[in-house]
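Summary of the model geometry
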Amino acid sequence: MTTPVLPENVLQASGVIAGAEWITVNRENVREVMRALKSQGFESYLFMTCVDHLATPVVEKPPARFELVYQLRDMRAHRELRVRVFVPEDDPTASSLHDIYAPANWDERETWDLFGITFEGHPDLKRILMPDDWVGHPLRRDFPVGGEPVDFSDDHETWQTAPPEA
Amino acid sequence: MADTELEQTQTQGITITRGERRGLHGELLTVNFGPQHPSTHGVLRLVVDLDGETIRRVEPVIGYLHTGIEKQMEALRWQQGVVLTDRHDYLSPPINNLAYALAVEQLMGVEAPPRAQGLRVLMSELTRISSHLIWLGTSGIELGAMGIFMYCLRDREKIMDLNEEISGFRMHTSYIRPGGVMADATPRFLDLLDALIREMPSNIDQYEDLLTRNPIFQERTQGIGMLSREDAIRLGATGPMIRGSGLPWDLRRDRPYCGYDTYDWEVAVETGCDCYARYLVRIKELRESVRILRQALDRLPSGPVNVDDRKMLPPPREELETSMEAIIHHFKLFTEGYSPPPGDVYVAVESGRGENGCYIVSDGTHKPRRVKFRSASFVNLQALEHMAMGSMLADFIAIIGTADTVLGDCDR
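Chains are numbered independently. Their residues run from 1 in the order of the written sequence. Ligands are numbered from 1 and chains lettered from A, in the order in which they are written. Confidence filtering applies because this is a predicted model: local features only for residues at pLDDT of at least 70, side-chain atom pairs given and counted only at 80 or more, and all residues used for totals across whole chains, interfaces and linings.

Before going further, it helps to spend a moment on the interface of chain A and chain B. On the chain B side, the residues contacting the 26 residues of chain A number 34 residues. Every helix listed is a DSSP run of H or I at least four residues long, and every strand listed is a run of E at least two residues long, numbered separately from the N terminus. Those elements that provide at least two residues to the side of chain A that touches chain B are strand S3 (44–52) and helix H2 (104–115) of chain A. Broken down by element, the residue count for the side of chain A that touches chain B peaks at six residues, all from S3 of chain A. For the side of chain A that touches chain B, a count of residues per class yields 19 nonpolar, six polar and one charged. Working definition of a contact: two residues with C-beta atoms, positioned from the backbone, lying within 7 Å. Three residue categories are used. Nonpolar comprises Ala, Val, Leu, Ile, Met, Phe, Trp, Tyr, Cys and Pro, charged comprises Asp, Glu, Lys and Arg, and polar comprises the others, including Gly.

Okay, here's the thing in structure tokens:
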């Protein structure tokens, strides 16, 4: 398979995992990369999500804590491409793609809601799944799985601490 | 839309805006629709700006059914996660199971045996039929056709009985699991299924008699909720939404799994781009599903229904009495579970609503690092504003109906 033509100096790594192609690009260049990919047939945007690599046991450590994963599809060539962008913990921001791929709008709201990554240029970045007054970003690995405090129960304090492998 | 220059007054929870944008009486009404509205298919809240009865803006507000399934899955072992996949799109549990099971299998590098593949196809198609029947019945009621609901539920009940026969559960079957399926089909299941396949074509004719040439139904759906092919692609719509707009894209044919490419069937496609076209697509899909069911039942291979891998699935009961090794495997599986190698994988399957995908990341431990469901409802719902813009409020009901969103799937 031919590699899509990308702007210069944006590609950090590329490979194939379980039969799926992927590339890692610079965080600053994600908009130009997506524009280039869209013009080369990857018209269909499937989803974007975030992976929190906090305290990962994987030997080859990822370059940053957060990884944004975009899955694109070329419906004519029956081909998919995964684009990875790493976002450091101390500056959790990325560029919004809502004007390039329309479905990115809600995915970015969801990722902000659940992971606390700010998307610059997003028209309406507010919580989408959690209640508006929620504090914190629940899909981060250091957000405890625990339950709500239950009246007359002794163990709610232990539920509210992060599990050791978080 | 900036309303800064408009004068707003609030009366009994309804905002009345007077100013530049002139409607019937120069007023723009912001109306709250849902979340507890019978035609929103669950708990969907829509904030609608009305100009007279014409829709000028729609803002879906979701999250009322958010149950944190993705977070909970990170705290469960790989084989335990299956029960949660049942529960996000509660109208098509086996198809959700299938997406998750295929993803875990790809990570582990195993493939389910042929009989399991056949049973997976049977369950997927049964689920598609039952999901479409619920859609057909409820959408019919919303448009004033009361009778259709009874016919649909009559036949869905038979599918529920089949679920119960094969898995013990009527709705949340957890039947399809990584490595294969829960148990082999019983002879009674196969007999009941055969009877259902025989009677389904004439049942589908009954639904069509009630709706397809019904002038009231046609008036309410034809030319309503237009979604052109280009817009459907741009907005990421999948499933009957995109096939109703003239694009023959079906993951079962275009990215085949479980041997779908070996069956003789056709992708249902209509070029009407309106609510009526989406209705016709779903009716056609019912017929195609029955066709696939017939072939899958006739050539269901014999053999095991699970992979022969003791590191992934427990040994058979009788081995436990004679083999020390089997006891060790059993103990390890139910205390620690298995650990796929590090990596990530995305698998998409065609559900009744569209592309139902599962993206999982493994860090090499016995619990997933991240499980993400790409739900068709979440993406299709974003096309709602585009379809409803400029239409009448009463038509909005038909448009929400044919988008066929399941809010549990949307909010996960």
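Next up on the list: the nonpolar core. The term nonpolar core means buried Ala, Val, Leu, Ile, Met, Phe, Trp, Tyr and Cys residues held together as one set by C-beta atoms within 7 Å. Exposed residues have 12 or fewer other C-beta atoms within 10 Å of their own C-beta, buried residues have 20 or more, and partly exposed residues fall in between, where C-beta atoms are placed from the backbone. Counting 139 residues, the largest nonpolar core has Ala99, Ala103, Val347, Ile360, Leu384 and Ile399 of chain B as the members making the most contacts within it. Two domains share this core, each providing at least three of its residues, namely domain 1 (7–61) and domain 2 (69–308 + 338–411) of chain B. Residue ranges for the domains originate in an automatic or database domain assignment.

The subject of this paragraph is helix H5 (residues 147–167) of chain B. Residue and element names in this part refer to chain B. One less than the number of residues in a helix, times 1.5 Å, gives the span that helix is expected to have. Between its first and last C-alpha, H5 extends 31 Å over 21 residues, near the 30 Å set by a 1.5 Å rise per residue. The set of residues buried in H5 consists of Ile148, Cys152, Asp155, Ile159, Leu162, Asn163, Ile166 and Ser167. Viewed end-on, H5 has its buried residues packed into an arc of 115 degrees, placing them on one side of the element. Looking at the buried residues of H5, the elements they touch are helix H4 (114–142) and helix H6 (187–211). Glycine 168, located one to two residues past H5, shows a positive phi value of around 95 degrees. Starting at the helix axis, one direction is taken to each C-beta atom, and the arc is that of these directions.

Turning to the domain arrangement of chain B, a few remarks are in order. Many authors give the size of an interface as the accessible area that is lost as the parts come together. Residues and elements named next belong to chain B. The domains assigned to chain B are domain 1 (7–61) and domain 2 (69–308 + 338–411). When each unit is reduced to the centre of its C-alpha atoms, the spacing between domain 1 and domain 2 is 33 Å. Contacts between domain 1 and domain 2 engage 12 residues on the former and 19 residues on the latter. Examining the composition of the side of domain 1 that touches domain 2, we find that four residues originate from one element, strand S5 (residues 54–61), more than from any other.

All right, on to the environment of phenylalanine 33 of chain B then. Residues and elements named next belong to chain B. Mapped onto the elements of the fold, phenylalanine 33 is located in strand S3 (residues 27–33). Judged by the 20 C-beta atoms lying within 10 Å of it, phenylalanine 33 is buried. A C-alpha to C-alpha distance of 30 Å links phenylalanine 33 and histidine 172, two positions 139 residues apart in sequence. Once you skip the residues sitting within four places of it in the chain, phenylalanine 33 turns out to touch Leu46 and Val48.

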